[in-house]
Amino acid sequence: MISDFGTVDFYLAKFKASIYKKCPSLEIIDVNHHIPLHDISLAAFQLKNIIDEFPEGSIHLVAVNNHYNIQSRYFCFEVGGQYFIGPDNGVFSLIFPNLDSLVLYEILPLDDQIMSASAAYVHAISCIYHGLPMSEFTKKSQDPLMKIAFKPVVTSTQLRATVIHIDHFGNVITNLSKKDFDEAKSGRRFKLYYDPHDPLEYVSKSYASVPVGDPLCTFNESNLLEIAINMGNAAQLLNLKLNETIQIDFHD
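Below or above, wherever it landed, is the structure these notes cover. It should be emphasised that the depicted structure is a prediction, and the values quoted were computed from it without experimental measurement. (Residues numbered from 1 in each chain as written. Predicted model: local features only at pLDDT ≥ 70, side-chain atom pairs only at ≥ 80, totals over all residues. Heavy atoms only, no water.)

## So, the overall build of the protein chain
Counting its regular elements, the protein chain contains five helices and 13 strands. Counting only C-alpha atoms, the protein chain reaches 65 × 35 × 35 Å along its principal axes. Expressed as a percentage of the 252 residues in the protein chain, the buried residues total 47%. Contacts in the protein chain between residues at least 24 apart in sequence constitute 63% of all its contacts with a sequence separation of at least 6. Here the protein chain has roughly 14,100 Å² of accessible surface; of this, 52% comes from carbon and sulfur atoms. (Helix = DSSP H or I, 4+ residues; strand = E, 2+ residues; numbered from the N terminus. Buried < 20%, exposed > 50% of the residue type's maximum accessible area, 1.4 Å probe, protein only. Contact = heavy atoms within 4.5 Å. Areas by Shrake-Rupley, 256 points an atom, 1.4 Å probe, with all protein chains shown as cover.)

See the structure below:
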């Protein structure tokens with residue numbers, strides 16, 4: 001479960017209690033409830049990185065930016081044996097670029113009454129939990145809201161990536177995949193400019209590849225380029241921020 005409910009107010013506890021009332025033996029895994037308000041990009045990033053570790057039959061709820069429209073729609077659909085529930089605000093298109101070609105369902109209200117986002121989510125989770133077919137609580141839908149994720153900019157001599165996340169350790173994660181980096185690099189040497197006077201010139205295999213306190217770049221478990229400091233907070237010490245551009249120059 002991913003949400004922007006936070007843990008200071010009663011909202012999350014109330015929501016979970018509503019689920020347990022209808023699904024007593026359901027196990028809820030809390031991924032992140034501190035997504036910044038309306039930040040569907042971060043919500044998508046978090047979910048995209050865990051899907052492959054969940055077993056078939058898992059239900060993924062993304063409750064972020066729920067009230068995105070005066071007539072908000074809430075989707076429920078299946079991909080690879082797992083279920084996905086959340087608002088039609090573009091978040092799922094950032095996870096599944098082919099979303100508009102999938103079979104999507106819109107959660108139907110109970111008793112023809114206006115249903116809140118939380119009520120819709122609890123209703124859908126309960127129906128799946130009890131083995132009801134989609135036709136019992138949804139209707140087929142189409143034309144989902146599509147969002148386009150930022151892509152690295154590549155030229156013949158340069159690559160510009162964007163900082164998309166800063167994790168709990170201060171590691172700076174970009175939108176540059178190892179595949180895109182290798183294709184652009186094409187066997188050449190490179191200089192990565194986190195600082196105009198002190199570029200990084202090789203990819204480390206681990207944080208411990210450099211002395212304590214030294215900066216490095218590496219590809220993380222998600223195969224995304226990450227700038228880090230061995231035993232240090234790269235975001236703070238290198239003054240790197242979200243949405244900042246990271247420049248990489250290639251040379252022979």
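## Brief notes about helix H1 (residues 11-22)
In a regular helix each residue adds 1.5 Å, so 12 residues correspond to 16 Å; H1 covers 17 Å between its end C-alpha atoms and thus fits that length. Every buried residue belonging to H1 is among Leu12, Phe15, Lys16 and Ile19, and all of these are buried. Buried residues of H1, viewed axially, fall in a sector of 95°; they line one side. Summarising the geometry of H1, the exposed residues directed more than 90 degrees from the buried face are Lys14 and Lys21. (Expected span 1.5 Å × (residues − 1). Arc of directions from axis to C-beta.)

## Re the layout of surface pockets
Over the atoms a probe the size of a water molecule is rolled, and this reveals where empty space is left. Approximately 940 Å³ is the volume found for the largest pocket. Lining the largest pocket are 31 residues, with Phe45, Ala149, Phe150, Ile164 and Asn175 positioned closest to its centre. Mapped onto the lining of the largest pocket, the elements with two or more residues apiece are helix H2 (40-48), strand E8 (158-166) and strand E9 (172-177). Tallying contributions element by element places H2 first for the lining of the largest pocket, with five residues. Tallied by class, residues from the lining of the largest pocket come to 15 nonpolar, 10 polar and six charged. A volume near 590 Å³ is recorded for the second largest pocket. Lining the second largest pocket are 23 residues, and of these Phe45, Asn49, Ile50, Glu221 and Ser222 lie nearest its centre. Taken together, the elements giving at least two residues each to the lining of the second largest pocket come down to H2 and strand E12 (224-229). (1 Å grid on protein atoms, 1.4 Å probe; cavity = no way out; pocket = protein on both sides within 12 Å on 5 of 7 lines; lining within 4 Å. Points joined across faces, edges and corners; volume = space filled by probe spheres on them. Nonpolar A, V, L, I, M, F, W, Y, C, P; charged D, E, K, R; others polar.)

## Here's the deal with the pairing of strand E11 (residues 215-219)
The element E11 is largely enclosed, with a buried count of five among its five residues. Here E11 shows two buried faces, one formed by Pro215, Cys217 and Phe219 and the other by Leu216 and Thr218. One ladder, built from five bridges, connects E11 with E12; its direction is antiparallel. If you follow threonine 218 over to E12, its bridge partner there is glutamate 226. The turn joining E11 and E12, which pair antiparallel and follow one another in sequence, is formed by four residues; a positive phi near 60° is taken by asparagine 223. (Pairing = 2+ DSSP bridges.)

## Observations regarding the state of the cysteines
Under the definition given, this model contains zero disulfides. Here cysteine 127 is not disulfide-linked; the sulfur of cysteine 76 is the nearest cysteine sulfur, at 8.8 Å. Using a relative accessible area of 6% as the deciding quantity, one classes cysteine 127 as buried. (Disulfide = S-S within 2.5 Å.)

## Digging into the pairing of strand E4 (residues 82-87)
With five of six residues buried, E4 lies mostly within the body of the structure. Strand direction decides the pairing type here: strand E2 (residues 59-63) and E4, joined by three bridges, are parallel. Each bridged residue has a counterpart across the sheet, and for leucine 61 the counterpart in E4 is isoleucine 85. Direction of pairing for strand E3 (residues 74-79) relative to E4: antiparallel, over a ladder of six bridges. The residue bridging glutamate 78 from the neighbouring strand is tyrosine 83, located in E4.

## Description of the packing of H1 against helix H3 (residues 117-129)
Two elements in contact, H1 and H3, have axes whose closest approach is 10 Å; the angle formed by their N-to-C orientations is 30°. In terms of axis orientation, H1 runs roughly parallel to H3. Handedness of the crossing formed by H1 with H3: right-handed. Along its contact with H1, which presents Phe15, Ser18, Ile19 and Lys22, the element H3 presents Ser118, Tyr121, Val122, Ile125, Ser126 and Tyr129. (Axes fitted to C-alpha atoms, helices over the stretch in contact; angles between N-to-C directions. Parallel < 35°, antiparallel > 145°, perpendicular 65-115°, else oblique. Left-handed = near helix turned anticlockwise from the far one by under 90°.)

By themselves, these figures tell us nothing about what the structure is for.
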